[in-house]
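# Understanding the architecture of this molecule
For reference, the chains in residue letters:
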Amino acid sequence: MQPDYRIVVDGKDISSKLRPRLISLTLEDKRGFEADTLELQLDDSDGQLQLPRKGASMQVLLGWQGEGLVNKGRYTIDEISHSGPPDVLTLRGNAANLRGSLQKLQEQSWHGVTVQTLVDTIANRHTLKAVVTQALASELIDHIDQASESDAGFLTRLAQQFDAIATVKADNLLFIKAGQAQSGSGQPLPISTITRSSGDRHSFNVADRESYSGVIAYWQDTKGAKRQSLTAKRQSAKDDKQVLIGDDDNVKILRHIYASKENAKRAARAEWDKLQRGVARLQLTLAKGDPTLFPECPVTVSGFKQEIDQLGWLLVNVRHEVRDSGYTSQLEFEVKNE
């Protein structure tokens, strides 16, 4: 089988011109506001390639001949380099919709608003459509300040309090629960299945160094002028009481002091969920790249150790690479929250 692709620059399909010159095409699909990236390396040994303009729009579609192509988004060329001999032209770009106004500093205080209202306001500011997970839409934010902070940075900080992911995809501003394998509307995403025979190498890691028994978050009691604390703990398998498993001092303390008990509770729970997902990691390279895979996609695996196969996995990073030797996908997983 032969990999296939289409590259459109400023509305013009240049795939046929690039095909005999392509050294590598690397596309990295990332989580959150960390921009998706694209890199093209082209053979210019005959010196006939023209440098594209900086800021040009580049659309990329990937797939295999006879199987159709998958749209992998639009990128803005923001770096051009030329080296040699042999002469090589390298083009680099970032996801087009994560540039510009989202990075400009803003000043705003938010009082008694829901997550849906806040995300709607920011989406309208940038001519985007807000898509918020139903489980988060009605969550009330007592008070939060955005001081000399970009909307991208502010939403990233807010997402950390809810263990959520804030990002822009296809002109939609997404604010979705992390680790749940759900779309913005709250519907479960389809599960992909990967067998060991699909890959050419893998790496599995379990780290006990962050096996905390709980998370402590503090909030400020404005009436009593005291700092209060709240702990999110593991649940006992035998009863519904909250108990510590492990040493009593094996807890993670959040440094930030929150404005209310509800905010502290939310932050402690979010950090606890994040810690659980980070206990085990899996990296896998597919010998036959799959352009349909993307971050937050739920995956089951088979053919590995039983302990690996029995876990539900969630994609957090996908790196597609097309070369003369073929098309591969490098995948990074974390444990799906149950």
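Cut-offs used in this document
Residues numbered from 1 in each chain as written. Predicted model: local features only at pLDDT ≥ 70, side-chain atom pairs only at ≥ 80, totals over all residues. Heavy atoms only, no water. Salt bridge = Lys/Arg side-chain N within 4 Å of Asp/Glu carboxyl O. Helix = DSSP H or I, 4+ residues; strand = E, 2+ residues; numbered from the N terminus. Buried < 20%, exposed > 50% of the residue type's maximum accessible area, 1.4 Å probe, protein only. Pairing = 2+ DSSP bridges.

As annotated in an unreviewed UniProt entry, the protein is Phage late control D family protein from Shewanella dokdonensis.

This part takes up the pattern of salt bridges. Scanning the entire structure with this criterion turns up 13 salt bridges. A salt bridge links R319 to E28, with the shortest nitrogen-to-oxygen separation between them at 3.4 Å. Separated by 291 residues along the polypeptide, R319 in strand β20 (residues 313-323) and E28 in strand β3 (residues 22-29) bring together distant segments of the chain. What makes R319 partly exposed here is its relative accessible area of 28%.

Let us now look at the pairing of strand β4 (residues 37-43). Alternating residues of β4 divide into L38, L40 and L42, all buried, and T37, E39, Q41 and D43, none buried. Relative to β4, β3 runs antiparallel, the two being bridged by six bridges. Bridge pairing in β4 links L25 to L40. Inspection of the sheet shows β4 paired to strand β7 (residues 88-95) by seven bridges, in the antiparallel sense. Among the inter-strand pairings, T37 is bridged to a residue of β7, identified as N94.

Moving on to unusual backbone geometry. With an omega of -10°, the peptide bond between G84 and P85 qualifies as cis. For P85, the location among the structural elements is in the loop between β6 (68-83) and β7. Cis peptide bonds are those with omega within 30 degrees of zero, and the linkage from P85 to P86 qualifies with -10°. Within the fold, P86 resides in the loop between β6 and β7. Non-glycine residue D10 carries a positive phi angle of around 50°. Along the polypeptide, D10 turns up in the loop between β1 (3-9) and β2 (12-13). With phi around 50°, S148 is a residue other than glycine that occupies positive phi space.

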